Amino acid sequence: MSMDGVLKLYFGESNLPTPEFLKRAAQKALADGFTFYTENAGLPSLRRALARYYLELHGVELDPTAEFVITASGVQALHLAIRCVLDPGDEALVLTPAWPNGAANVAMANAVPVEIPQPLVGDRYGIDFAALETAVTPRTRMLLYTSPSNPLGWVAGIDEQRALLDFTRRHGLWLMADEVYERLNYTGPNVASPVPSILKLASREDAVIVIQSFSKAYCMTGWRLGWMVARRDVAARAAQLNEFVVSHAASFTQRAGETALLWGENAIAEMLARLKQNRDFCLAALSKMPGVTVPKPDGAFYLFPKIRGAEDSFDFSKRLLLETKVGLAPGVAFGAGGEGSVRICYAADQAILEQAMARLAAFLH
Ligand SMILES: Cc1ncc(COP(=O)(O)O)c(C=O)c1O
């Protein structure tokens, strides 16, 4: 990070700033006096806005008074949820390669993450249900998956979601779905259609928790605002627990979150059109490089090519950085199944992507 002139494709956020109308919403909220404490579960008005959002986007009816907890980021939602369902010594199944914070939060609860790699079947990632069945022990309490996936870009299909729900119901486990990239979807009927949410298949009595965030859809990474949708008993506990962690997300950012939900659709659609172009450009460039296998991702803003000669992906990424000043994330950082690949974030300027792809091609040749 201290090197000058690096083409930075290792990060996990868009290069776009937060849209102006959201900055103005936060300024107005401050001027309107949203400087005091809020409820531990977040402003009731934001929870109502989220309930409307789920009804409109997914046709799912949720109770704003009982099934939402607003959090100070997606990772804080993950932390609260995991703390609520795991005791020390419990085990959590985690589909990998995955953003490492899920497994890290399990470990912070003195529980044990059990990583189950997602196999590449043909040109699409899948779920290894046989491995999941084998991994269940009397201490297993939950399964965490991410759709769209960071780093794979894989999106869980309805059948896969149904099978995950069936698996967790049969074994009496919590199903935790990290859906923070749900709006970054390239396969929907319209440009900004979300990926399917597990909330559509599950009933409100199911042991299901969804982790969500304003970070990726609205370019609000630095704001630290997210939410959780959970069965009401756990939502109530998570809100209580929040009191001892951060008490609640910042008041004025919560107000800006309401504006994002109400008026953010055009900004999402514009961003997605650009991201899709970037994805297609990088895919075309990578497919011409020697020794590179790269499945086409359906969501998020990452490519995760497997590279012959990058069996030690940390060493490969370091050499690439030192010799060409292209910064990628080594696949080994994403747990079981990640070694041998690198993660490329394509939420960058086209000119940066062009240079980075040219340098990577020359390096591989
Ligand atoms: C899969 C996944 N979940 C959750 C998050 C958390 O996002 P935030 O804490 O910014 O809301 C990230 C961020 O990179 C992510 O990649």
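Before any of the text, the structure's been laid out above.
A short tour of the structure in this document, coming up. Every chain is numbered on its own, with residues counted from 1 as its sequence reads. Thresholds applied to this predicted model are a pLDDT of at least 70 for local features of residues and 80 or more for the giving and counting of side-chain atom pairs; totals over whole chains, interfaces and linings are not thresholded and use all residues. Based on all heavy atoms of the structure, the side-chain values leave hydrogens and waters out of the count.

### Considering unusual backbone geometry
Then, in step 1: Here the residue pair threonine 96 and proline 97 is connected by a cis peptide bond, since its omega of 0° sits within 30 degrees of zero.
Then, in step 2: Every helix listed is a DSSP run of H or I at least four residues long, and every strand listed is a run of E at least two residues long, numbered separately from the N terminus. Secondary-structure assignment places proline 97 in the loop between β3 (91-96) and α4 (101-108).
Then, in step 3: At the junction of asparagine 150 and proline 151, the peptide bond is cis and its omega measures out at 20° in the coordinates.
Then, in step 4: Within the element layout of this structure, proline 151 appears in the loop between β7 (140-146) and α6 (158-171).
Then, in step 5: The backbone phi angle of serine 73 is positive, close to 120°, even though this residue is not glycine.
Then, in step 6: By secondary structure assignment, the location of serine 73 is in the loop between β2 (68-71) and α3 (74-85).
Then, in step 7: Buried means the residue's accessible area, taken with a 1.4 Å probe over protein chains only, is under 20% of the maximum for its type, while exposed means over 50%, and partly exposed covers the values in between. Exposure remark for serine 73: the relative accessible area of 2% places this residue in the buried category.

### Thoughts on the pairing of β7
Then, in step 1: Taking burial as the measure, the 7 residues of β7 include 6 buried ones, the bulk of the element.
Then, in step 2: Two elements, β3 and β7, share 4 bridges in a ladder whose sense is parallel. Bridging across to β7, alanine 92 finds its partner in methionine 142.
Then, in step 3: Here a crossover is taken to be right-handed if, once the strands point away from the viewer, the path from the first strand over the helix to the second is traced clockwise. After leaving β7, the chain enters α6 and then returns to the sheet as strand β8 (residues 174-178), a path that is right-handed. Pairing between strands requires that DSSP locate at least two bridges from one strand to the other.

### As for the sheet that holds strand β9 (residues 208-213)
Then, in step 1: Pairing is mixed in the open sheet, where 7 strands are placed in the order β2-β10-β9-β8-β7-β3-β4. Looking at strand neighbours, the two that pair on one side only are β2 and β4 (112-117), the edges of this open sheet. Shown here is a sheet whose adjacent strand axes are inclined to one another by a mean of 20°, direction ignored.
Then, in step 2: Of the strand pairs in this sheet, β7 and β8 are connected by 5 bridges, and their pairing is parallel. Lines fitted to the C-alpha atoms define the axes, with helices restricted to the stretch that makes contact. Angles between their N-to-C directions range from 0 to 180 degrees.

### What about the nonpolar core?
Then, in step 1: Grouped together as the largest cluster of nonpolar side chains are 121 residues, with contacts concentrated most on Tyr145, Met176, Ile209, Tyr218 and Phe301.
Then, in step 2: It is helix α10 (residues 265-287) that contributes the most residues to this core, 8 residues altogether.
Then, in step 3: The contact rule is simple, with two residues in contact once any of their heavy atoms fall within 4.5 Å. Filtering out sequence-adjacent residues up to four positions away, phenylalanine 301 remains in contact with Gly12, Glu13, Ser14, Tyr181, Leu184, Tyr186, Lys216, Leu275, Ile344, Cys345, Tyr346 and Ala347. Nonpolar core, defined: a set of buried Ala, Val, Leu, Ile, Met, Phe, Trp, Tyr and Cys residues in which side-chain atoms within 4.5 Å join the residues together.

### Re the site of the ligand
Then, in step 1: Neighbouring the ligand are 13 residues, the closest being Gly74, Asp178, Ser213, Ser215 and Lys216.
Then, in step 2: Taking asparagine 150, its side chain carries an N or O atom lying 2.8 Å from an oxygen atom of the ligand.
Then, in step 3: Alone, the ligand offers 400 Å² of accessible surface; in the complex the protein occludes 94% of this.
Then, in step 4: Polar here means any residue outside two lists: the nonpolar Ala, Val, Leu, Ile, Met, Phe, Trp, Tyr, Cys and Pro, and the charged Asp, Glu, Lys and Arg; Gly therefore counts as polar. The residue inventory of the shell around the ligand, partitioned by class, reads 4 nonpolar, 6 polar and 3 charged. The criterion for a residue being near a molecule or strand is simple. One of its heavy atoms has to lie within 4 Å of it. Under this definition, polar contacts are N or O atom pairs within 3.5 Å; protein pairs additionally need one hydrogen-donor-capable and one acceptor-capable atom, and for neighbouring residues in sequence, both atoms have to be side-chain atoms. Methods summary: accessible areas were calculated by the Shrake-Rupley approach with a probe of 1.4 Å, and residue burial reflects only the protein chains presented.

### Some details on the sheet that holds strand β12 (residues 302-303)
Then, in step 1: Strand order in this open sheet of 3 strands is β12-β16-β15, and the pairing throughout is antiparallel. Each end of this open sheet is capped by a strand with a single partner; those strands are β12 and β15 (329-330).

### Brief notes about the pattern of salt bridges
Where charged atoms from two side chains of opposite charge approach closely, those side chains can pair.
Then, in step 1: The rule for a salt bridge is simple: a side-chain nitrogen of Lys or Arg has to be within 4 Å of a carboxyl oxygen of Asp or Glu. Here the structure, examined in full by the defined rule, presents 16 salt bridges.
Then, in step 2: Here arginine 232 and aspartate 63 are joined by a salt bridge, their closest N and O atoms 3.5 Å apart. Remark: aspartate 63 occurs in the loop between α2 (44-58) and β2 and arginine 232 occurs in helix α8 (residues 232-245); sequence separation between them is 169 residues.
Then, in step 3: Linked by salt bridges that have partners in common, Asp63, Glu67 and Arg232 make up one network.

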